[in-house]
Every structure is written in structure tokens, then in C-alpha cells.
Amino acid sequence: MMKRFCVVLLCAGALACEGITGPNFPEVAGTYSGPLTVTSSLAGTASGTMVLTVVQATEQLTITGSVTFFGSTSQIPAITGTINETGFFTATAGGATAAAPDPDCGVMTTTSATINFSGGTVRFHQSITTTYCGSLAFDATLTR
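Residues numbered from 1 in each chain as written. Predicted model: local features only at pLDDT ≥ 70, side-chain atom pairs only at ≥ 80, totals over all residues. Heavy atoms only, no water.

**Notes on the environment of Val54**
Defined as follows: We count a stretch as a helix when DSSP gives it H or I for four or more residues in a row; a strand needs E for two or more, and each element gets its number in order from the N terminus.
When you line up the elements, Val54 lands in strand β2 (residues 44-57). Residues Val54 and Val28, spaced 26 residues apart in sequence, show a C-alpha to C-alpha distance of 7.0 Å.

Okay, structure coming up:
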């Protein structure tokens, strides 16, 4: 009888612990802001600011925001996706189109983009090729 009680107790303990373990997604909701640098292969570097607002439901994120260059602010199209346990964001919908026309640079095509969260910081990187303006790299480290 005592053996059966111990086995039942161990099984109950294991089930209780199983409910506690599982994915542990970082809490990243909030507003992040800071400097944004754009580096052009043809024209050098320009600095601006970036603001990202993150809404979170478990691993699901919706990110909106804006960028400001030379006193002009542009909204960033909303992007949705998931965050993993290490803080890496994977987009699933929304955002800017992969290739978009620009009156000055021709077709602008995103070749890579990453968003990583760590503590109260988000790191953003986007690489773009253009028809007339060479390649562009957007880099920002923003804080909450």
C-alpha cells in the first residue's frame, strides 16, 4: 500500500510540475525609442529616430511605430508575428511590402530584416537594395 501511495504521489507531483514548465516568452510589450542610422552604399550615413510600440499576447506580437528623418515623420506599417524564448521576432503578416516603388530610388527590395528583444532593448536591422540608390542598411537599438 505504501509503495502505491508513493507512486501516486510522484505521478501527481510530476503532473503539477509539467503544468509549470513550458515556453517562457519574454515580456516585451511597451514603447521603445532611440536613434536610427541609415547607411547608403552611395551616399553615406544619415541619422534619425525610431519609435516602436509593441502589443503582446503570450508569444504573439503586433508592432507599430514611426521613423523621423530631417524633421519628417513616417509611420511604419503594422507587423504581426511571434517571439521565441530567446527574444527573436518572426514576422507572419503585415509590414512593408518586399518590393516597393520609390520616386527617388526606384524599386526598393528588402533583402533581410531582423528584430531581437533583450531586457528592455530591441535591436532592429533591415537591408534593402534599390534600383538607383545602391544598398541601404537601417540599424537601431531602441530602449523601453
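Back to the text.
**Comments concerning the pairing of strand β6 (residues 99-102)**
Here is the rule we go by: In this analysis, strands are considered paired if DSSP registers two or more bridges between them.
As defined by bridge partners, β6 adjoins strand β7 (residues 106-118) across four bridges and the pair is classed as antiparallel. Each bridged residue has a counterpart across the sheet, and for Asp102 the counterpart in β7 is Gly106.

**As for the side chain of Thr130**
Note the threshold: Here a polar contact is recorded for every N or O atom pair within 3.5 Å, except that within protein the pair must consist of a potential hydrogen donor and a potential acceptor, and residues adjacent in sequence are included only if both atoms are side-chain atoms. Contacts are residue-level and defined by heavy atoms, with any inter-residue pair within 4.5 Å sufficient.
Here Thr130 shows up in strand β8 (residues 121-130). Reaching out from Thr130, the side chain makes a polar contact with the backbone nitrogen of Cys133 at a distance of 2.8 Å. A distance of 2.6 Å separates the side chain of Thr130 from the backbone oxygen of Gly134, its partner in a polar contact. With residues near it in sequence (within four places) discarded, Thr130 still touches Cys105, Val107, Met108 and Leu136.

**Regarding the side chain of Gln126**
In plain terms, the rule: Note on exposure labels: buried denotes an accessible area under 20% of the residue type's maximum, exposed denotes more than 50%, and partly exposed covers the range between, all computed with a 1.4 Å probe on protein chains only.
Within the secondary structure, Gln126 sits in strand β8. The buried category is assigned to Gln126, whose relative accessible area is 17%. In this structure the side chain of Gln126 is engaged in a polar contact, spanning 3.0 Å, whose partner is the side chain of Thr110. Excluding anything up to four places from it in sequence, Gln126 contacts Thr110, Ser112, Ala113, Leu136, Ala137 and Phe138.

Keep in mind these values describe shape, not function.
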